[in-house]
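Structural description and commentary
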Amino acid sequence: ETVADLVATISTEPLQVSVMTVIEVPLSFLDDLDDGEWRPFDDGIDEDTLREKLVRRYVEERGTRLVEPVIAALRTHGIDGRTFLEEGDDAADVVVRVAGEQNADLIIMGATRPIFDETVWSSVSVKVMQLSTIPLVLVPGVARSFDDVERDERRRAIDEQSV
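The residue count restarts for each chain, going from 1 along the sequence in the order it is written. At least 70 in pLDDT is required for a residue's local features to be given in this predicted model, at least 80 for side-chain atom pairs to be given and counted, and no such filter applies to totals for whole chains, interfaces and linings, which use all residues. Heavy atoms throughout the structure, all of them, feed into the side-chain values; hydrogens and water do not.

**Things to note about the pattern of salt bridges**
- Salt bridges, as used here, are contacts in which a Lys or Arg side-chain nitrogen is within 4 Å of a carboxyl oxygen on Asp or Glu. Taken as a whole and judged by the stated rule, the model has 7 salt bridges.
- Between glutamate 86 and arginine 97 there is a salt bridge; the shortest N-O distance is 3.7 Å. On the criterion of sequence distance, the pair formed by glutamate 86 in strand β2 (residues 81-87) and arginine 97 in helix α4 (residues 91-101) is long-range, its members being 11 residues apart.
- Burial classes: relative accessible area under 20% of the type maximum marks a residue as buried, over 50% as exposed, and values in between as partly exposed (1.4 Å probe, protein chains only). Relative accessible area serves as the criterion here: at 18%, glutamate 86 is assigned to the buried category.
- The residue lysine 127 makes a salt bridge to aspartate 90 at a minimum N-O spacing of 2.3 Å. Remark: aspartate 90 occurs in the loop between β2 and α4 and lysine 127 occurs in helix α5 (residues 124-131); sequence separation between them is 37 residues.
- According to the relative accessible area criterion, lysine 127 is partly exposed, its value standing at 28%.
- Taken together, the shared-partner salt bridges connect Arg57, Glu61 and Arg62 into one network. In this text, helices come from DSSP runs of H or I with a minimum length of four residues, and strands from runs of E with a minimum of two, each type numbered from the N-terminal end.

So this is what it looks like as structure tokens:
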């Protein structure tokens, strides 16, 4: 919500806004694909195509949960945002690459770690700052982890069952 408020504040003309998240596919998920026993789409397609479809579905499901609140907050300000759901082991590299491909004028990131903590130097946002030539605005205390999103969804489901 804070990121959407900032975007609305700095926009003086129609903006093209992109909301992106980078999902690292867990090794356990990939190991399950490699064991050859789990075949939900096995309709004669080759292993690589099947693996690619499953990884893409995983990224889309997890990524959508993370970007939906940001997209909704932008809409409250009358701003439509495009969504980029990317897969990668190094989120900073992916953010810099996609921002460059999209000719972004500005990168706005929510901080997932305290800004004035010694662990910040290993954070994705600091690495983006080091790698990118695109200006970066870092908004502290706005990012929600996937665990936070899942916890909130479980609470909502429990609340709906008890009504």
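**Remarks on the confidence of the model for the protein**
- A residue's pLDDT is the predictor's confidence in that residue, given on a scale from 0 to 100. When the pLDDT values of the protein are averaged, the result is 78; 66% of them are 70 or greater.
- No element of the protein has a lower mean pLDDT than helix α2 (residues 27-34), at 59, and none a higher one than α4, at 95.

**Comments concerning the packing of α4 against α5**
- Axis lines are fitted through C-alpha atoms, for helices just across the contact stretch, and the angle between N-to-C directions can take any value from 0 to 180 degrees. Contact geometry of α4 with α5 gives a least axis separation of 8 Å together with a crossing angle of 45 degrees. If you check the angle between α4 and α5, you find them oblique. In this structure, α4 crosses over α5, and the sense of that crossing is right-handed. Of the residues in α5, those touching α4 at Ala91, Ala92, Asp93, Val95 and Val96 are Val124, Lys127, Val128 and Leu131.
- Only Asp, Glu, Lys and Arg are considered charged, only Ala, Val, Leu, Ile, Met, Phe, Trp, Tyr, Cys and Pro nonpolar, and every remaining residue, Gly among them, polar. Within the contact of α4 with α5, the residues separate by chemical class into 7 nonpolar, no polar and 2 charged. Angles below 35 degrees are treated as roughly parallel, those above 145 as roughly antiparallel, those between 65 and 115 as roughly perpendicular, and all remaining angles as oblique. Left-handed is the label given to a crossing in which the near helix is rotated counterclockwise from the far helix by less than a right angle, and right-handed is the label when the rotation is clockwise. By definition, residues are in contact when any of their heavy atoms lie within 4.5 Å.

**A word on helix α1 (residues 2-10)**
- The set of residues buried in α1 consists of Val3, Ala4 and Val7. Buried residues of α1, viewed axially, fall in a sector of 100 degrees; they line one side. The arc in question is formed by the directions pointing from the helix axis toward the C-beta atoms.

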